[in-house]
Amino acid sequence: MRRHNIRPRSGWQATVARTGLTCHTLADGTAYWDESAYWEFTSAEIDRLEAATAEIQRLALAAGDHILDQNRLGEMKIPAAAAARIRETWNSEPPALYGRLDLAYDGRQIKLLEYNADTPTALVEAAVTQWYWLEDCFPKADQFNSLHEKLVAKWKDLLPYLKQPVYFGHDGSEEDFMTISYLRDTAEQAGHRTIPIAMHAIGWEDAHSRFVDLQR
Amino acid sequence: MRKSREVPISLLATLALFTTGCRTPETRNCVDAQGHIVPDIDCQVSAPGTGYHYVYGGSSGGHIGDFVYGGSSTPSDAGVSRGGFGHGGGGDAGGE
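Residues numbered from 1 in each chain as written. Chains lettered and ligands numbered in written order. Predicted model: local features only at pLDDT ≥ 70, side-chain atom pairs only at ≥ 80, totals over all residues. Heavy atoms only, no water.

1. Re the overall build of chain B
Part 1 of the argument: Scanning chain B from N- to C-terminus turns up 2 helices and 3 strands.
Part 2 of the argument: Put simply, chain B runs from its N terminus to its C terminus through helices and strands in the order α-β-α-β-β.
Part 3 of the argument: Counting across all 96 residues of chain B, residues that qualify as buried make up 30%.
Part 4 of the argument: The long-range fraction of contacts in chain B, counting pairs at least 24 apart against all pairs at least 6 apart in sequence, stands at 42%.
Part 5 of the argument: As presented, chain B carries roughly 5,600 Å² of accessible surface, and 55% of it is formed by carbon and sulfur atoms. (Helix = DSSP H or I, 4+ residues; strand = E, 2+ residues; numbered from the N terminus. Buried < 20%, exposed > 50% of the residue type's maximum accessible area, 1.4 Å probe, protein only. Contact = heavy atoms within 4.5 Å. Areas by Shrake-Rupley, 256 points an atom, 1.4 Å probe, with all protein chains shown as cover.)

2. A look at the confidence of the model for chain B
Residue and element names in this part refer to chain B.
Part 1 of the argument: Within chain B, residue pLDDT values average 75, and 71% of them lie at 70 or more.
Part 2 of the argument: Per-residue pLDDT, averaged within each element of chain B, yields its smallest value for strand β3 (residues 80-82) (73) and its largest for helix α1 (residues 11-17) (88).
Part 3 of the argument: In the model, residues 88-94 has pLDDT below 50 throughout and makes 13 contacts with residues more than four positions away in sequence or in other chains. (pLDDT = per-residue confidence, 0-100.)

3. Structural notes on the pairing of strand β3 (residues 100-105) of chain A
All names here are of chain A.
Part 1 of the argument: Relative to strand β4 (residues 110-116), β3 is paired through 6 bridges, and the arrangement is antiparallel. Pairing of L101 across the sheet is with Y115, part of β4.
Part 2 of the argument: Counted between consecutive antiparallel strands, the loop separating β3 from β4 contains 4 residues, among which G107 sits at a positive phi close to 95 degrees. (Pairing = 2+ DSSP bridges.)

4. Here we look at helix α4 (residues 123-137) of chain A
Part 1 of the argument: End to end, α4(A) covers 21 Å across 15 residues, agreeing with the expected 21 Å (1.5 Å per residue, within 8%).
Part 2 of the argument: Taking the largest bend as the criterion, α4(A) deviates by roughly 35 degrees, centred on A:T129.
Part 3 of the argument: Listed in full, the buried residues belonging to α4(A) are A:L123, A:V124, A:E125, A:A127, A:V128, A:T129, A:W131, A:W133 and A:L134.
Part 4 of the argument: Elements in contact with the buried residues of α4(A): α1 (12-18), β2 (37-40), α5 (147-158) and α6 (174-189) of chain A together with α1 of chain B. (Expected span 1.5 Å × (residues − 1). Bend = angle between axes of the 7 residues up to and from the residue.)

5. Comments concerning the interface of chain A and chain B
Part 1 of the argument: Every contact between the two is made by 59 residues of chain A and, on the other side, 39 residues of chain B.
Part 2 of the argument: Summed over both partners, the interface of chain A with chain B buries about 3,800 Å², with 53% contributed by carbon and sulfur atoms.
Part 3 of the argument: For the interface between chain A and chain B, the tally reads 3 salt bridges.
Part 4 of the argument: Across the pair B:R2 and A:E50 runs a salt bridge, and its minimum N-O distance is 2.6 Å. (Buried area = accessible area lost by both parts, 1.4 Å probe. Salt bridge = Lys/Arg side-chain N within 4 Å of Asp/Glu carboxyl O.)

6. Observations concerning the packing of α4(A) against α6(A)
Residue and element names in this part refer to chain A.
Part 1 of the argument: Taken N-terminus to C-terminus, the directions of α4 and α6 make an angle of 55 degrees; their axes are 9 Å apart at the nearest point. Taken together, the axes of α4 and α6 are oblique relative to one another. For the element pair α4 and α6, the recorded crossing hand is left-handed. Between α4 and α6, the contacting residues are L123, V124, A127 and V128 on the first element and M178, T179, Y182 and L183 on the second.
Part 2 of the argument: Tallied by class, the residues present in the contact of α4 with α6 amount to 7 nonpolar, 1 polar and no charged. (Axes fitted to C-alpha atoms, helices over the stretch in contact; angles between N-to-C directions. Parallel < 35°, antiparallel > 145°, perpendicular 65-115°, else oblique. Left-handed = near helix turned anticlockwise from the far one by under 90°. Nonpolar A, V, L, I, M, F, W, Y, C, P; charged D, E, K, R; others polar.)

7. As for the environment of A:G172
All names here are of chain A.
Part 1 of the argument: Mapped onto the elements, G172 comes out in the loop between β5 (166-170) and α6.
Part 2 of the argument: Take G172: its relative accessible area is 7%, and that puts it in the buried class.
Part 3 of the argument: Sequence spacing of G172 and A198 is 26 residues, and the spatial spacing of their C-alpha atoms is 6.1 Å.

8. Digging into the pattern of salt bridges
Part 1 of the argument: One pass over the structure, following the stated rule, counts 12 salt bridges over all chains.
Part 2 of the argument: If you follow the salt bridges from partner to partner, you end up with A:R9, A:E35 and A:D136 in one network.

9. What to know about the sheet that holds strand β7 (residues 203-205) of chain A
Part 1 of the argument: Across the sheet, which stays open at both edges, the 3 strands sit in the order β8(A)-β7(A)-β3(B) with antiparallel pairing between neighbours. Edge strands, defined here as strands with exactly one partner in the open sheet, are β8 (210-212) of chain A together with β3 of chain B. Across this sheet, the average inter-strand angle for adjacent strands is 35 degrees, counted without regard to direction.
Part 2 of the argument: Where β7(A) meets β8(A), 3 bridges bridge the pair, whose relative direction is antiparallel. Counted as the bridge partner of A:W204 is A:F211 from β8(A).

10. So, the state of the cysteines
Residues and elements named next belong to chain B.
Part 1 of the argument: Under the definition given, this model contains 1 disulfide over all chains.
Part 2 of the argument: In this model, C30 is linked to C43 through a disulfide, with the two sulfur atoms separated by 2.0 Å. Handedness of the C30-C43 disulfide follows from its S-S torsion of about 95 degrees: it is right-handed. Taken together, the positions of C30 in strand β1 (residues 28-31) and C43 in helix α2 (residues 40-45) put the pair 13 residues apart, joining distant regions of the chain. We note that C30, like C43, is buried. (Disulfide = S-S within 2.5 Å.)

Rendered as structure tokens:
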């Protein structure tokens, strides 16, 4: 694994914004998207990272089984009132879409820092912006990056499971909005109809005991 | 090759044209009956009639005690209540 310094593309801010990464600069003016350097990996290193990722996913699911089998939800500070629904949901194995593993890697050891599986951000830059950067800078090089195809493929798998349209909730921040907009893009490429909605705009209609959107 | 063959983005690219910088398009503040910002928890646990309510949009300093100018209350179409999901403005609004 090697780090290379490189000159950022001219006008990179507008370039990455066109790929959906509008949150490219922090409030203090420093770059969040920093293309003054890139990392080069060997195929063997990527193989190790990919294998570790699969193993962590397997272990995370095993941990979920263990917590429920051994009745340890309370130790996880899960309210008792939610336990039955969590168990029901877990056992029904609803389809999952994506998660983000934060790994530390020094070229030798791989260490898990965090597993963020609740619609994590960093998706736009990982799936789209990095790919377009490579096309601009090293079009003949390979990249461990096929998130886009995998998301579209997963949405196709989910077509029989989801009622249309599919709603994408966001909390009002631009970063979240662009993340769900990209997810909508991949879902629509797979054949879904999508609608974005702010979480606080989701309504509850007492008379029919149902959630409603802004059309109601 | 492990990289995607192509990454077509149409919806995302269109929406990106209408955004500038990493701004928050809408804020929501919990305010007291006089319109001063109070902790979000007050709107979540207070009984009706206490005066605590959410204001969407508007302008303020964004701190507890600041007055919110303008903005609007939660959409209140008949028979439908909103605002039960999501969290208020201020703090770390972005995802992780």
